[in-house]
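Analysis of the macromolecular model
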Amino acid sequence: MKRIGVLGSGKGSNFGALAEAAREGKLPVKIALALTDVPGAGILDLAAKYRIPADYVPPGAFRTKLSPEAEREYARRLKEAGVELVALAGFMRMLKPPFLEAFPDAVMNIHPSLLPAFPGLESWKQALDYGVRFAGCTVHFVTPEMDAGPIIAQAVVPVLPHDTPYTLHARIQAQEHKLYVECVKLWAEGRLRVEGRTVAVSA
Ligand code: GRF
């Protein structure tokens, strides 16, 4: 079975969705390692629940990226665990070319908007403020540019008249949990091929 790693900084609900699907046999991967840059992140508790090896790895002195040494350590730990795909699940730091080149076309991210609309932080708030009628989420391969890599799949949700940032984010997250499992499954089945800007999905 293919081995994947997950990086997360937050509550880890996407990690939980992947772990649950793998446990139920609906996702043919072994989650070999979960790493976080935040001590006490939810992902650590969830990993313990699913008996997935997990660790906090200090990110270094920067706020929005890993230090070069930290990034090497993340890559080393993932390689040591035999990881072939790195799934970012709410990991709040940019990854740089040395890391991305160590996992070519094999770093995935989930973003809470219909990219290329609303990259960056709190995209569901950006969507509400803008007044769009539909929001959603995107799974894409990661490139050095933020939230800009080749898109694998998207899911759409309506924006409802009385939505708050909280209710809209919850509706988006419910879709995220399904979409991320589907995309990692497509990868595990060898059905994704990056062709320049786009991703070809074979039957
Ligand atoms: C998700 O909304 C994801 O799209 C974004 O960060 C959030 C992580 O949530 N990249 P969780 O930690 O998986 O619950």
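This one's a predicted model, so the numbers in the text were calculated from it and none came from an experiment. (Residues numbered from 1 in each chain as written. Predicted model: local features only at pLDDT ≥ 70, side-chain atom pairs only at ≥ 80, totals over all residues. Heavy atoms only, no water.)

Notes on the pairing of strand E9 (residues 198–201)
Operational definition: For two strands to be treated as a pair, DSSP must find no fewer than two bridges joining them. Segments assigned H or I by DSSP are reported as helices when at least four residues long, segments assigned E as strands when at least two residues long, and all are numbered from the N terminus.
Bridge analysis of strand E8 (residues 192–195) against E9 gives four bridges, and the strand direction is antiparallel. Counted as the bridge partner of Glu-195 is Thr-198 from E9. Count of turn residues in the E8/E9 antiparallel hairpin: two residues, of which Gly-196 carries a positive phi of about 65°.

Some thoughts on the side chain of Arg-93
Where we set the bar: The buried label applies to any residue whose accessible area, calculated with a 1.4 Å probe on protein chains only, is under 20% of its type's maximum; exposed applies above 50%, and partly exposed to all values in between.
Among the secondary structure elements, Arg-93 is positioned in the loop between strand E4 (85–88) and helix H4 (97–102). For Arg-93, a relative accessible area of 13% translates into the label buried.

Some thoughts on the packing of helix H5 (residues 123–130) against helix H6 (residues 165–188)
Under the convention used in this document: Axes here refer to lines fitted to C-alpha atoms; in helices the fit is confined to the stretch in contact. Angles between the N-to-C directions go from 0 to 180 degrees. Oblique is the label for any angle not under 35 degrees, not over 145, and not in the 65 to 115 range, which are roughly parallel, roughly antiparallel and roughly perpendicular in turn. Definitions for this section: a left-handed crossing has its near helix turned counterclockwise from the far helix by less than a right angle. A right-handed crossing has that turn clockwise. The criterion used for residue contact is that any of the two residues' heavy atoms lie within 4.5 Å.
Two elements in contact, H5 and H6, have axes whose closest approach is 9 Å; the angle formed by their N-to-C orientations is 120°. Our classification of the angle between H5 and H6 gives oblique. In the packing of H5 onto H6, the handedness of the crossing is right-handed. Taking contact as the criterion, the partners of Trp-124, Lys-125 and Leu-128 in H5 are, on H6, Pro-165, Leu-168, His-169 and Ile-172.

Note that all results are geometric; they support no functional claim without further evidence.
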